[in-house]
Amino acid sequence: MSQQELFIATQGRGAVDITNQVNKCLANSKAQLCHVFVAHTSASLMITGNEDADLLLDIEDYFQNQVADADPSYRHCGEGDFDMSGHIRSILTGESKTIPMTNGALALGKFQSLYLYEHRAVDNTRKLIITEL
């Protein structure tokens, strides 16, 4: 088992394909599983299709409709209108993924990618902990 950290810069709300960056960390690995954890409460990980950019736009539209910013019922809003909605989105999409590996890379499907989903409306640097099992 080994572990390393990966830092990803985000440009506000949205999904960033991190498949290649994670695979670079795993390039010499003989492990069979990779566990990726994002160490933040307003960012998450998701595996979804990479074949059509509209897919990510539709996901964001869904969240805009279901988990609105600035909901007057939110009590927690210390960092802005997007604060509580970011936490809820993170809970719904999850902070970690365990993915099988083949030949030192994530064994994702043909049209799958691993995405870091930034839920805040501002730029951030997010820390990922990658554990090879």
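Rules behind the numbers
- The numbers attached to residues start from 1 for each chain and follow its sequence in the written order.
- At least 70 in pLDDT is required for a residue's local features to be given in this predicted model, at least 80 for side-chain atom pairs to be given and counted, and no such filter applies to totals for whole chains, interfaces and linings, which use all residues.
- Side-chain calculation: all heavy atoms of the structure are included, whereas hydrogens and water are not.
- We count a stretch as a helix when DSSP gives it H or I for four or more residues in a row; a strand needs E for two or more, and each element gets its number in order from the N terminus.
- Any helix carries an expected span of 1.5 Å times its number of residues minus one.
- Only protein chains enter the accessibility calculation, which uses a 1.4 Å probe; a residue is then buried when its area is under 20% of its type maximum, exposed when over 50%, and partly exposed in between.
- Arc, as used here, means the arc of the directions from the helix axis to the C-beta atoms.
- Pairs of residues are marked as contacts when any of their non-hydrogen atoms sit within 4.5 Å.
- Pairing of N or O atoms within 3.5 Å defines a polar contact, subject to two protein rules: one partner must be a possible hydrogen donor and the other a possible acceptor, and residues neighboring in sequence count only if both atoms are side-chain atoms.
- In this scheme, strands are said to pair when DSSP sees at least two bridges between them.
- Note on aromatic contacts: the rings of Phe and Tyr and the six-membered ring of Trp form a pair at centre separations within 6.5 Å, being stacked when their planes are under 30 degrees apart, edge-to-face when over 60 apart, and tilted otherwise.
- Lines fitted to the C-alpha atoms define the axes, with helices restricted to the stretch that makes contact. Angles between their N-to-C directions range from 0 to 180 degrees.
- Residues enter a nonpolar core if they are buried and are Ala, Val, Leu, Ile, Met, Phe, Trp, Tyr or Cys, with the set joined through side-chain atoms within 4.5 Å.
- Note that patches include only residues with greater than 30% relative accessible area and no salt bridge, and the join distances are 9 Å for like charges and 5 Å for nonpolar side chains (Val, Leu, Ile, Met, Phe, Trp, Tyr).
- The accessible surface values rely on the Shrake-Rupley method and a 1.4 Å probe; as for residues, cover is taken only from the protein chains in view.
- We define a salt bridge as a side-chain nitrogen of Lys or Arg found within 4 Å of a carboxyl oxygen belonging to Asp or Glu.

Undergrad: Go over helix α2 (residues 53-66), please, and point to the residues and values.
TA: Each α-helix winds once per 3.6 residues, and so residues spaced three or four apart point in a common direction. Between its first and last C-alpha atoms α2 spans 21 Å; for 14 residues at 1.5 Å apiece the expected length is 20 Å, and the two agree. Every buried residue of α2 is listed here: Ile59, Glu60 and Phe63. The buried residues of α2 all sit within an arc of 95° when viewed along its axis, so they share a single face. For α2, the exposed residues set more than 90 degrees away from the buried face come down to Leu57 and Asn65. Buried positions along α2 lie against β4 (43-49), α3 (83-93) and β7 (112-118). Sitting at the head of α2, Asp52 places a side-chain oxygen 2.9 Å from the backbone nitrogen of Asp54.

Undergrad: Can you lay out the sheet that holds strand β1 (residues 2-10) for me, pointing to particular residues and giving the numbers?
TA: Reading across from one edge, β1-β8-β3-β5-β6 is the order of the five strands in this open sheet, with antiparallel pairing throughout. What marks the edges here is a single partner per strand, and that holds for β1 and β6 (105-106). Where strand β3 (residues 33-38) lies against strand β8 (residues 124-132), five bridges are found, and the strand directions are antiparallel. Of the residues in β8, the one forming a bridge with Phe37 is Ile129.

Undergrad: Can you lay out the packing of aromatic side chains for me, pointing to particular residues and giving the numbers?
TA: A full pass over the atoms with the stated rule returns two aromatic pairs. When the ring of Tyr62 is compared with that of Phe63, the centres are 5.7 Å apart and the planes differ by 70°; the resulting orientation is edge-to-face. A centroid spacing of 5.9 Å and a plane angle of 80° characterise the contact between Phe63 and Tyr117, whose relative ring orientation is edge-to-face. Residue Phe63 is located in helix α2, and its partner Tyr117 is located in strand β7; the two are separated by 54 residues in the primary sequence. Take Phe63 and Tyr117: they sit in the same class, and that class is buried. Each residue in the set Tyr62, Phe63 and Tyr117 is aromatic and connected to the rest through ring pairs, giving one cluster.

Undergrad: Provide a residue-level description of the sheet that holds strand β2 (residues 14-17), including the pertinent values.
TA: The three strands are arranged β2-β7-β4 in an open sheet whose pairing can be described as antiparallel. Taken across any chain shown, the strands that pair with only one partner, and hence form the sheet edges, are β2 and β4. Each strand of the sheet is rotated relative to its neighbour by a mean of 35°, with strand direction disregarded. As paired strands, β4 and β7 are joined by seven bridges and run antiparallel to one another. Within the sheet, the bridge partner assigned to Leu45 lies in β7 and is Leu116. Along the sheet, α2 contacts β2, β4 and β7; its crossing angle with β4, the most-contacted strand, is approximately 135°.

Undergrad: Describe in detail the nonpolar core, supporting the description with residues and values.
TA: Ranked by internal contacts, the top residues of the largest apolar core, which has 19 residues, are Val22 and Leu128. Contributions of two or more residues to this core are made by β1, α1 (19-26), β3, β4, β5 (96-102), β7 and β8. With residues up to four places along the chain from it excluded, the contact list for Leu128 reads Gln4, Glu5, Leu6, Ile8, Ile18, Val36, Phe37, Val38, Leu45 and Leu116. Counting seven residues, the second largest nonpolar core, distinct from the first, contains Phe63, Tyr74, Tyr115 and Tyr117.

Undergrad: Explain a nonpolar patch on the surface to me, and be specific about the residues and the numbers.
TA: A cluster of nonpolar side chains, Met1, Leu33 and Leu133, forms an exposed patch at the surface whose accessible area comes to about 350 Å². Topologically, Leu133 is positioned in the segment after β8. In this structure Leu133 comes out as partly exposed when scored by relative accessible area, which is 44%.

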